[in-house]
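The chain contents come next:
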Amino acid sequence: MKPLIRLLAYSFFFISLNSCSRIFEVDADVQARQALLDLMEIQEKFYQENKRYATHFSEIEKYNLQYHSGIVYLEIESAEKNKYRAISLPAESTTARVFAYDSDRGGFYEMAADEVSQYVLGALKYIREQNRKKDVNESIAWVLILGMSFLGLRFHFQYKSRENNPAILAYTLCLPPLGWSVALLNSMDADVVFTSSIAQFTWACFGAALLALSVGSIWLKKNITLPPPAPLLSLVACALIISLLSVGVMVHTLKTFA
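Residues numbered from 1 in each chain as written. Predicted model: local features only at pLDDT ≥ 70, side-chain atom pairs only at ≥ 80, totals over all residues. Heavy atoms only, no water.

Further remarks concern the packing of aromatic side chains. The full count for this structure, using the stated rule, is nine aromatic pairs. With a centroid separation of 6.2 Å and 15° between ring planes, the pair formed by F99 and F108 is classed as stacked. Three or more aromatic residues joined by ring pairs form one cluster here, namely Y47, Y53, Y84 and Y101. (Phe/Tyr/Trp six-rings, centres within 6.5 Å; stacked < 30°, edge-to-face > 60°.)

Let's shift gears to unusual backbone geometry. Not every positive phi belongs to a glycine, and K51 is a case in point at roughly 60°. Given a relative accessible area of 53%, K51 falls into the exposed group. Phi angles above zero are rare outside glycine, and A96 is one such case at about 60°. Here A96 lies in the loop between β2 (84–90) and β3 (99–102). (Buried < 20%, exposed > 50% of the residue type's maximum accessible area, 1.4 Å probe, protein only. Helix = DSSP H or I, 4+ residues; strand = E, 2+ residues; numbered from the N terminus.)

Let us look at a nonpolar patch on the surface. A surface patch of nonpolar side chains, amounting to about 280 Å² of accessible area, comprises V136, I140 and L144. Position of V136 relative to the elements: it lies in helix α4 (residues 124–159). V136 sits in the partly exposed class, given a relative accessible area of 48%. (Patch = residues over 30% accessible without salt bridge, like charges linked within 9 Å, V, L, I, M, F, W, Y side chains within 5 Å. Areas by Shrake-Rupley, 256 points an atom, 1.4 Å probe, with all protein chains shown as cover. Salt bridge = Lys/Arg side-chain N within 4 Å of Asp/Glu carboxyl O.)

Moving on, we come to the pairing of β2. Along any regular strand, the residues point their side chains to alternate faces of the sheet. The element β2 is extensively covered by neighbouring structure, given that seven of its seven residues are classed as buried. As defined by bridge partners, strand β1 (residues 72–79) adjoins β2 across seven bridges and the pair is classed as antiparallel. Along β2, the bridge assignment pairs A79 with Y84. In the sheet, β2 pairs with β3 via four bridges, with the strands oriented antiparallel. (Pairing = 2+ DSSP bridges.)

Below, the discussion takes up the pattern of salt bridges. Per the counting criterion, the structure on display carries eleven salt bridges. With a closest N to O distance of 2.9 Å, E25 and R97 form a salt bridge. Here E25, found in the loop between α1 (2–16) and α2 (27–50), pairs with R97, found in the loop between β2 and β3; they are 72 residues apart in sequence, far enough to count as distant. The salt bridge involving E49 is made with K62; its shortest N-O contact spans 3.1 Å. You can see E49 sitting in helix α2 and its partner K62 sitting in the loop between α2 and β1, a full 13 residues away along the chain. Through salt bridges with shared partners, a single network forms among E77, R85, D102, R105 and E115.

This part covers the sheet that holds β2. Judged by pairing direction, the sheet is antiparallel, and its four strands sit side by side in the order β1-β2-β3-β4 without closing on themselves. Every other strand in the sheet has two partners, leaving β1 and β4 (107–110) as the edge strands with one partner each. Put simply, the sheet's adjacent strands are angled 15° from each other on average, direction ignored. Against the sheet, α2 contacts β1, β2, β3 and β4, and its axis sits at roughly 160° relative to β2. (Axes fitted to C-alpha atoms, helices over the stretch in contact; angles between N-to-C directions. Contact = heavy atoms within 4.5 Å.)

Here we take up the packing of helix α5 (residues 165–187) against helix α6 (residues 196–223). Between α5 and α6, the shortest axis-to-axis distance is 8 Å and the interhelical angle comes to 150°. Comparing their axes, α6 and α5 come out roughly antiparallel. Relative to α6, α5 is oriented so that their crossing is left-handed. Note on element contacts: α6 touches α5 through I198, F201, T202, C205, A208, A209, L211, A212, V215, G216 and W219, opposite P166, A167, A170, L173, C174, P176, P177, W180 and L184. Of the residues assigned to the contact of α5 with α6, the class counts are 18 nonpolar, two polar and no charged. (Parallel < 35°, antiparallel > 145°, perpendicular 65-115°, else oblique. Left-handed = near helix turned anticlockwise from the far one by under 90°. Nonpolar A, V, L, I, M, F, W, Y, C, P; charged D, E, K, R; others polar.)

The subject of this paragraph is the pairing of β3. Taking every second residue as pointing to the same face, both faces of β3 are buried, with F99 and Y101 on one and A100 and D102 on the other. Of the strand pairs in this sheet, β3 and β4 are connected by four bridges, and their pairing is antiparallel. Looking at β4, one finds that F99 is bridged to E110. The hairpin turn running from β3 into β4, its antiparallel successor, is four residues long, and G106 in that turn takes a positive phi close to 95°.

The nonpolar side chains of soluble globular proteins are, as a tendency, buried together. In this structure, F24, W180, L184, I198 and L232 are the most contacted members of the largest nonpolar core, which totals 38 residues. Mapped onto this core, the elements with two or more residues apiece are α4, α5, α6 and α7 (230–257). Not counting residues within four places of it along the chain, the set of residues in contact with L184 comprises F24, I198, T202, V249, M250 and T253. (Core = buried A, V, L, I, M, F, W, Y, C linked by side-chain atoms within 4.5 Å.)

Here α4 contains 36 residues, and its C-alpha end-to-end distance of 52 Å stays within 8% of the 52 Å for a straight helix at 1.5 Å per residue. Every buried residue of α4 is listed here: L124, I127, E138, A141, I145, M148, S149, G152, L153, F155, H156 and Y159. (Expected span 1.5 Å × (residues − 1).)

As structure tokens, this is what we get:
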């Protein structure tokens, strides 16, 4: 029972990753954040040498702050002796993410929606509409995964036996790859940085999907001559189809983005 619950919990975890925007980040956002972090480091060096913060980039030229000005908009908005404020965002934002450093607000932070509207102007409405569509897709995926997980629990209690456990295991194993596949389909595009975390999750779920295919196929082969209960047979067929589709999504992702 505990292994099944653990695997179902993993399925919830993987689909929840779909809502975790920090895993799927576009390259321009990554560059904008890094540019501000570099500026923060240079400001500290400048402060140690001059006992104040730089007000203009011309004052810190010797520190060789490098960033792509065509991709990233970086600005020191204000600076005084013991505090300063700077902001950074993509020059053409597609995600409405804005990063800031403000001494009065505790340092580095990412702006909330109300403050973002001051910096992302023309494209903000479109970006928010796209984000709403993505949220709807995530909600639908959540409902489907939760429903399928409860279905797995029901079959576990109804058909639990030494002979049937591999079939239920195959179905349970296919759920995390399904959740991760939905996350990939909903979040991956040409602008998203294919990080090591994404690669590791993809390979792990790829292995889980192959394992589900193997376990389900072996159980089906052993029980084909003595037909098992029809609902259980349907469950295994569902697991095999889900696993095949998940493998296809992850192979495509690795081939396209890795």
